[in-house]
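Geometric and topological summary
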Amino acid sequence: MPSAHASNRNQGLGRRGRRIMSQGPRNRPRVADADPTRDIAFDIVLGVIAHRRMLETSLEHSPAARDADARDRAAAHRLAATVLRHMGTAGMVLEPFLKKEPPAPVRVVLLIGVAQLLLLDTPAHAAVGTAVSLARRQGLTPFAGLVNAVLRRVAQAGAGALEGLDQARLDVPPWLWSSWGDLARPVAEALGREAPLDLTLRPGATCPPDWVILPTGSVRLPAGTRVADLPGYADGAFWVQDAAAALPARLLAVRPGEQVADLCAAPGGKTAQLALAGADVTAVEREPARMARLRDNLARLGLAERVTTVQGDATEWRPGAPLDAVLLDAPCSATGTARRHPDVLWIKRPRDLTALTAGQDRLLAAARDMLRPGGRLVYAVCSLQPEEGPERARAAIAMGLEPDPFTPEELADLPEALTPEGWLRTHPGLWAAQGGMDGFFAARFRRRLG
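Residues numbered from 1 in each chain as written. Predicted model: local features only at pLDDT ≥ 70, side-chain atom pairs only at ≥ 80, totals over all residues. Heavy atoms only, no water.

What counts here: UniProt positions are given in the numbering used here, feature names are shortened, and annotations may be inferred rather than shown by experiment.
The name that an unreviewed UniProt entry assigns to the protein chain is rRNA cytosine-C5-methylase, with the source organism given as Gluconacetobacter azotocaptans. Under the Sequence similarities (unreviewed entry) heading, UniProt states for the protein chain: "Belongs to the class I-like SAM-binding methyltransferase superfamily. RsmB/NOP family."

And the structure:
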C-alpha cells in the first residue's frame, strides 16, 4: 500500500454500537449494526458531491451526527476526508466493475468501501460487510447486492487495482490541474497526504522539546493531533495557523503604535500576530458566526482588550483616521487549503471565480482608500488560482497602488516562495518532506504619496 496512507491505517473507522432491528422480507427481522461513523461519513460525502456543501457544513447537516459522540464524529470526518482526498482514484478503481453509473447515494457507499479496502487497510470482510450494511441503513437495500458484488471484486484485485493509475492527477479535477500549470504535479502529490498541525506561539511561550520548530518559526505537530489537549492551549500560549498562513502578517512588518486594520479577520490568527507586534489593531469581519469565533480566539489569547472588533462589510467600513497599514486576507476559492479541506476541490467551479475576483477588487479598492499616503497594504489569498493571485496584484497596480516587493532578506527562511515580481507564492508541494504547507499568494503595496 502507498506509504502516504500508512498513518491512516486503522484510524477510527467506527465502533460497533447498539444493534438495531429492521424489517426484512416476509416481516422477518433483520439485525444490523449501528455504525455512526460510516453513517456520518456517508452524509458528509453525499453533501459534498451531490449538494456542493462544504465538508464542515455537511457534517452539521448530518442527521447521524446529532447524537454521535465526539470520537465517532472525528472518525467520520477522517474517513470522509480520505474519500474526498482520493475520490478520483476510487472512482477509477470502480469503473471496470460497473456497467452503468449508479445513483449518487450508491456511489458514495461504494467510494467509502474502496477507501476502506485500498487506502485504510480495513480487512476485506469488514470493509465489504460494513458497506453493505451502510447501504441498507440508508434505504438502498435494492442495491445491497451490487455493493457486495463490486466491493468483493475490488477486494480480490487488492493493491493491484491501483497499479498503473496516475493517482495524483486523478484526484484533482481537470480544470484545477490545468490552472496550476507547472505546480500541478507537486501540489497534487502533496494533497494526497493528511496535513500536519501547525501552531504559532505567542512571544515568550515555551515550546516542548518534542515539538518541531520550522525554519519560519511555526511549530509543527503530527496530523491528527488534538489541539485542545495540548499543554498551554487553554492558557493562550499558541493558536492554530498553517506555516504559510503566518507569513502575510509578518510581511506587513507593523511597528508598535501603528494604526492597522485586519480585514476579513476571522478566525483571528493574523489579528493576533499584528496585536502582539504592538500595533493598534481593528479587526473587521462581516459574518456573525465568524466574528464570534474571532472574539472567542482573542479572549483565549488574552488579546480581547487590545483589539477593536467591528462586525461589518469591509468594503463599506471606514476608519476614523487614515491607517498606517492594512492586511487584507480576502475571501477566495481556498484551493490552497485542500490538504486540510479536500472538499474544496469538488465543490468549486471555474465560474465561481468571477464573483470571487469581483469581490476581491472591491476589497482592494476599499483597503487602498483606508490608507494614509505611503501606507502599506498586504493582499493575501489562500488560493492557488492565478485569477485570485497575480491577476489581482496587477489589478491593484491599475488601481493606483504602488508595488512594494518582498525582499530576499524578508523571505530568507523560505526563498523558494519569492517570485520574480517580489510576491509570495507558497503551495502544498513546498517542504514536502516535512509535510508541506498551504497554498498562499501575497503581494505588498503602498498608497501613492500626494
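Once you've had a look at it, read on.
1. Observations regarding helix α16 (residues 390–398)
Owing to its 3.6 residues per turn, the α-helix brings residues three or four apart onto one side. Operational definition: Here the term buried applies to any residue with accessible area under 20% of the maximum for its type, exposed to any over 50%, and partly exposed to those in between, with areas from a 1.4 Å probe on protein chains only. Strands are runs of DSSP state E lasting at least 2 residues, helices are runs of H or I lasting at least 4, and numbering of each runs from the N terminus. Pairs of residues are marked as contacts when any of their non-hydrogen atoms sit within 4.5 Å.
Among the residues of α16, those classed as buried are Pro390, Arg392, Ala393, Ala395 and Ala396. Against α15 (352–370), β11 (371–381) and β14 (440–446) lie the buried residues of α16. At the C-terminal side of α16, Gly400 shows a positive phi close to 105°.

2. Focus: the environment of Ala234
Inspection of the secondary structure assignment puts Ala234 in the loop between β5 (219–221) and β6 (238–240). Sequence spacing of Ala234 and Leu301 is 67 residues, and the spatial spacing of their C-alpha atoms is 8.5 Å.

3. A short note on the domain arrangement of the protein chain
For clarity, the cut-off: Either an automatic procedure or a domain database provided the assignment from which the domain bounds are taken. Buried area is understood as the total, over both parts, of accessible area removed when two parts are fitted together, assessed with a 1.4 Å probe.
In terms of domains, the protein chain is made up of domain 1 (4–167) and domain 2 (243–446). Each of domain 1 and domain 2 was reduced to a C-alpha centroid, and the two centroids are 38 Å apart. Each partner contributes residues to the interface: domain 1 has 10 residues there, and domain 2 has 10 residues. Between domain 1 and domain 2, roughly 940 Å² of surface is buried when both sides are summed, and carbon and sulfur atoms account for 61% of that area.

4. As for unusual backbone geometry
Going from Ala266 to Pro267, the amide bond is cis rather than trans, its omega being 10°. Looking at where Pro267 falls in the secondary structure, it is placed in the loop between β7 (259–263) and α12 (269–276). The backbone of Ala334 sits at a positive phi, close to 65°, despite the residue not being glycine. When you line up the elements, Ala334 lands in the loop between β10 (323–329) and α14 (344–347). What makes Ala334 buried here is its relative accessible area of 17%. Located in the positive-phi region is Trp431, a residue other than glycine, with phi close to 55°. Considering the arrangement of structural elements, one finds Trp431 in the loop between β13 (424–426) and β14.

5. Some points on the UniProt feature "active site" (unreviewed entry) in the protein chain
UniProt records the feature "active site" (unreviewed entry) for Cys382 in the present numbering. On the secondary structure map, Cys382 appears in the loop between β11 and α16. The class for Cys382 is buried, based on a relative accessible area of 16%.

6. Topic: the nonpolar core
The condition that has to hold: The term nonpolar core refers to a set of buried residues drawn from Ala, Val, Leu, Ile, Met, Phe, Trp, Tyr and Cys, joined through side-chain atoms within 4.5 Å.
Leu263, Val326, Leu328 and Leu377 are the most contacted members of the largest nonpolar core, which totals 68 residues. Element by element, the count of residues in this core is highest for β11, at 6 residues.

7. Here's the deal with the packing of aromatic side chains
Note the threshold: Stacked, tilted and edge-to-face are the three classes assigned to paired rings of Phe, Tyr and Trp, where Trp is represented by its six-membered ring and a pair needs centres within 6.5 Å; plane angles under 30 degrees give stacked, over 60 edge-to-face, the rest tilted. The rule is short: NZ of Lys or CZ of Arg within 6 Å of the ring centre and within 35 degrees of the ring normal puts a charge over the ring.
Tallied over the entire structure, the rule returns 3 aromatic pairs. Taking 5.7 Å as the distance between ring centres and 80° as the angle between the ring planes, the aromatic pair formed by Trp211 and Phe238 counts as edge-to-face. In this pair, Trp211 sits in the loop between β3 (197–201) and β4 (212–213) while Phe238 sits in strand β6, placing the two residues 27 residues apart along the sequence. Across the pair, exposure class does not vary: Trp211 and Phe238 are buried alike. Ring geometry for Tyr233 against Phe238: centres 6.2 Å apart, planes inclined by 45°, an arrangement best described as tilted. Looking at Phe238, the relative accessible area reads 1%, which means it is buried. An aromatic cluster is built from Trp211, Tyr233 and Phe238, whose rings are joined through pairwise contacts. Its guanidinium or amino end placed over the ring of Tyr233, Arg300 lies 4.1 Å from that ring's centre, counting from NZ or CZ.

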